[in-house]
Amino acid sequence: MAEFKTNVMRVLEQKKIGYTAHEYDHGDEAVDGVTVAKICGQDPGQVFKTLVAQGASKKIYVFAIPVAMKLELKKAAKAAGEKSVAMVHVSEINGLTGYVRGGCSPIGMKKKYTTIYHCTMTDYETVMVSAGKIGYQVELSPADLIKLTGGKTADIASEE
């Protein structure tokens, strides 16, 4: 049987970016990111969740923050150069990104959006993000992830 690959994994292989795939059992529904980190034996600080927001300009932004933190909308707006940002409704995520809630990855979205990572990302040798499907994560170098997505880092989150 062929090894399972998500679109995220295909993009990483196409770009010749090294990664480690992680699969986790999630039962019938998506589990929170801290649980995913524990299941995968990772520090929650190095496992990033992907959030999608819309600026006052109507432009879409992607923010990736450690799973145990919360996005600070004022800091996120400042980092994006917007007057304000608001989270997009769950029902809009698939149409904008091609991903579902709980399986949203900054890699391989339908369109290229401005992507901003929490500044702690570069504190780690590797970080984990969703592989684009619930139950799958990819672990890779923060520098590779930032370069691939054309992203930048900023202080955009705080402890829950």
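Quick note: structure is the one above.
One structure accompanies this document, and this report is about it. Just so it is clear, the structure is predicted and the values come from calculations on it, not from any experiment.

**Here's the deal with the sheet that holds strand β1 (residues 20–23)**
Taken in spatial order, the 3 strands make up an open sheet running β1-β8-β7, and their pairing is antiparallel. What marks the edges here is a single partner per strand, and that holds for β1 and β7 (127–130). The average angle at which neighbouring strand axes cross in this sheet is 30°, direction not considered. As paired elements, β7 and strand β8 (residues 136–140) share 4 bridges and run antiparallel to each other. Looking across to β8, one finds that serine 130 is bridged to glutamine 137.

**Some words on the layout of surface pockets**
Roughly 550 Å³ of internal volume is contained in the largest pocket. Taken together, 23 residues make up the lining of the largest pocket; nearest its centre are Lys49, Thr50, Leu51, Arg101 and Gly102. Contributing elements (two or more residues each) for the lining of the largest pocket: α2 (33–39), β2 (48–55) and α4 (90–97). Per-element accounting of the lining of the largest pocket gives the leading share, 5 residues, to β2. Broken down by class, the residue content of the lining of the largest pocket amounts to 14 nonpolar, 6 polar and 3 charged. Of the pockets and cavities examined, the second largest pocket occupies roughly 180 Å³. Around the second largest pocket, the lining residues are Val11, Val62, Pro106, Ile107, Gly108, Met109, Lys111, Lys112, Tyr113, Thr115, Leu148 and Thr149. Class assignment for the residues of the lining of the second largest pocket results in 7 nonpolar, 3 polar and 2 charged.

**Considerations on the sheet that holds strand β9 (residues 152–154)**
Strand order in the open sheet made by the 5 strands is β5-β2-β3-β6-β9, with mixed pairing throughout. Both edges of this open sheet fall to β5 (85–87) and β9, since each of them pairs with a single strand only. For this sheet, the mean inter-axis angle between neighbouring strands, taken without regard to orientation, is 35°. Of the strands in this sheet, β3 (60–66), β5, β6 (114–118) and β9 are in contact with helix α3 (residues 73–80), which crosses β5 at around 125°.

What counts and how
Residues numbered from 1 in each chain as written. Predicted model: local features only at pLDDT ≥ 70, side-chain atom pairs only at ≥ 80, totals over all residues. Heavy atoms only, no water. Pairing = 2+ DSSP bridges. Helix = DSSP H or I, 4+ residues; strand = E, 2+ residues; numbered from the N terminus. Axes fitted to C-alpha atoms, helices over the stretch in contact; angles between N-to-C directions. 1 Å grid on protein atoms, 1.4 Å probe; cavity = no way out; pocket = protein on both sides within 12 Å on 5 of 7 lines; lining within 4 Å. Points joined across faces, edges and corners; volume = space filled by probe spheres on them. Nonpolar A, V, L, I, M, F, W, Y, C, P; charged D, E, K, R; others polar. Contact = heavy atoms within 4.5 Å.

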